[in-house]
Structure formats: structure tokens, C-alpha cells
Amino acid sequence: MLQKVCLSNGTLNVRDEGSGEPILFVHGFPLSHQMWEAQITALSSRYRCIAPDLRGFGESTVTPGFVGMDQMATDLSALLVALQVESPVTLCGLSMGGYVAWQFWKLHRGQLGRLILCDTRAIADTPEAREQRWQAAERVERDGPGFLADAMLPRLYCQATRTGRPGLVEAARQQIEHNPPQGIAAAARGMAIRPDVTDWLPEIQVPALLITGEEDAISSVGEMKSIADALPQARQVVIVQAGHMAPEEQPDAVNAAILKFLQQ
Ligand code: MLT
């Protein structure tokens, strides 16, 4: 079921399917909840799958200017309360969804049972990357998200996906182009000033699964291995023939890894 959930300072659009232990799916940048279609289809017969559009994306409220990862985490905490989710969730976040997951642990850890971190990073942006994000934010506000789709799609999907599954890449383009420019820009600025959380990792005492596309051009297998090594209870699964969007590119392999982790 798709619904709009009112929070104290905005509305989140959320897909809520199935019943059982809750899994909160948090999408990457600059996408929407739609990227989790294959996981919801496979897992909602056994789990409650909750997949919101983050603030600024899809059909959720746009807050122009700047939205931090901490704000997004607090939105998710309030969303779970509004949906009457009482048990700790498994938070499954991809890339920016992972940046939000670190903040969710920091601010709302009583609501967190387990982490699934897909193709994400713990370090902050370099000064150059921060500057590029700032410029991209201004350009999105001025020209719309088309140029961002052109720049990002080749980095999100591996070569085999781009040639073999053009429909998947096209669907991502539509998600990006459908997103409100001011929402994309606000999140880009929020990512630009996100902190380095490397020092937090040894304290994150929840079971964690790290999923990495073997050909991820943004968060490499080696970089995610160092996150897995620093977390107290983590293991990494590398997904072959996948890039940054491993859950979409190889849904069967990713879903099998998630199910194995959840059933342990
Ligand atoms: C994402 O997939 O969320 C983005 O690649 C994250 C980023 O740009 O750092």
C-alpha cells in the first residue's frame, strides 16, 4: 500500500507491504523508494517492508535549501512511530541511505535492531567532492535534474547492466527526472557536509550485513571491507556482475544474502 504519512514538519510518501518483522528500506541519491521494488516483491510475504521517499524525493515534502542526513534519520524515526512499528527495525540503506543509517544509529538506536548497508561509505567527502556537490546543487536548481542523470547513471550501474538491462537504467532516469530539483539540491548539500563516521563504527553493536557490487564505482569492495572489519558484528557479501545499484542489478543474489542474514 502506498500512503502519505504526516509528520510534525512534513509528509513522507511510503510504501508499506506485508507483515512480520519490519525492514525499513532507505533509498540512494537521487532516486526514490521505487529502487527497492525487487526486494519488496521477494520479501513482503515474510516481512513488513517499509520503503519511504526521503524528504525532498518522490512524493514527499520538499524542504528547500539544505536537508541533513540527521534530519532524514529523524524523519524515519517519526515515520516508524506514525506507522506503529514497535519492534526495532532492520534498516537496509543504499549509499545515501547508508549515510542516513549512521545517523539513525546515532540518534535513534532504540529503534534499530540490525543494519544492512548496501554500497555505502563511512568517510566524509573530500573538499573537492564537497565543492562539486555544492555546484551540482545550484545547477539542479537552475537547470533541473537531467544533467545529473546523464552524469550519474554510468557510475550507478555496471557495464553489463547498462548494455543488458537498458529498461532498468531508463527507470532510474525517470526516477531522477521526476524528483523535485529543490529536493535533490537540498540532499546534495546535506551529503556534502555529512561527517566522517569511521570512529563510530566500533561502537555500532548491532548485527550488520554489508552488500557491495563487485564493480561499484562509488563505494568500492575494499572500502566497504574496511567498514565491515571495523564494525563489531558484520560480514560482507560481494555481488558479482553488479555496480553501485547491486539490489536492482542482481536482485536474486542480494535477496538471498538478505534472507540468510535475517534468518540467522
Ligand atoms: C547514492 O547512491 O546515494 C550516491 O551515490 C551517494 C553519493 O553521491 O555519495
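## Concerning a nonpolar patch on the surface
Taken together, the side chains of F66, W134 and I193 define a hydrophobic patch exposed on the protein surface, amounting to about 280 Å² of accessible area. Along the chain, I193 falls in the loop between α8 (181–192) and β7 (208–213). Of the residues examined, I193 reaches a relative accessible area of 48% and is grouped as partly exposed.

## Focus: helix α4 (residues 127–143)
Here α4 is 17 residues long and its end C-alpha atoms lie 24 Å apart, about the 24 Å a rise of 1.5 Å per residue gives. Those residues of α4 that fall on the buried side of the exposure criterion are R133, A137 and V140. End-on, the buried residues of α4 take up no more than an arc of 70°, which puts them together on one face. Summarising the geometry of α4, the exposed residues directed more than 90 degrees from the buried face are P127, E128, Q132 and R142. Residues of α4 that are buried sit in contact with α3 (96–108), α5 (146–156) and α8. Looking one or two places after α4, you find G144, whose phi comes out positive at around 90°.

## Description of empty space enclosed by the protein
Under the counting rule described, the total for this entry stands at one cavity of 30 Å³ or more. For the largest cavity, the calculated volume is near 50 Å³. M69, Y99, W102, Q103, R121, A122, I123, R194, P195 and V197 are the residues that line the largest cavity. The biggest single contributor to the lining of the largest cavity is α3, with three residues. Classifying every residue of the lining of the largest cavity by side-chain character gives seven nonpolar, one polar and two charged.

## Details of the sheet that holds strand β6 (residues 112–118)
With mixed pairing, eight strands are arranged side by side in an open sheet as β1-β2-β4-β3-β5-β6-β7-β8. Two strands close off the open sheet at either side, each with one partner strand: β1 (2–7) and β8 (234–239). Neighbour-to-neighbour, the strand axes of this sheet turn through a mean angle of 25°, independent of strand direction. Relative to β7, β6 runs parallel, the two being bridged by four bridges. Bridge assignment links L115 to a residue of β7, and that residue is A208. Against the sheet, helix α2 (residues 69–82) makes contact with β1, β2 (10–17), β3 (22–26), β4 (48–52) and β5 (89–94), and its axis sits at roughly 110° relative to β1, the strand it touches most. Along the sheet face, helix α11 (residues 251–263) touches β3, β5, β6, β7 and β8 and points at about 170° away from the line of β7.

Conventions and cut-offs
- Residues numbered from 1 in each chain as written.
- Predicted model: local features only at pLDDT ≥ 70, side-chain atom pairs only at ≥ 80, totals over all residues.
- Heavy atoms only, no water.
- Patch = residues over 30% accessible without salt bridge, like charges linked within 9 Å, V, L, I, M, F, W, Y side chains within 5 Å.
- Areas by Shrake-Rupley, 256 points an atom, 1.4 Å probe, with all protein chains shown as cover.
- Salt bridge = Lys/Arg side-chain N within 4 Å of Asp/Glu carboxyl O.
- Helix = DSSP H or I, 4+ residues; strand = E, 2+ residues; numbered from the N terminus.
- Buried < 20%, exposed > 50% of the residue type's maximum accessible area, 1.4 Å probe, protein only.
- Expected span 1.5 Å × (residues − 1).
- Arc of directions from axis to C-beta.
- Contact = heavy atoms within 4.5 Å.
- 1 Å grid on protein atoms, 1.4 Å probe; cavity = no way out; pocket = protein on both sides within 12 Å on 5 of 7 lines; lining within 4 Å.
- Points joined across faces, edges and corners; volume = space filled by probe spheres on them.
- Nonpolar A, V, L, I, M, F, W, Y, C, P; charged D, E, K, R; others polar.
- Pairing = 2+ DSSP bridges.
- Axes fitted to C-alpha atoms, helices over the stretch in contact; angles between N-to-C directions.

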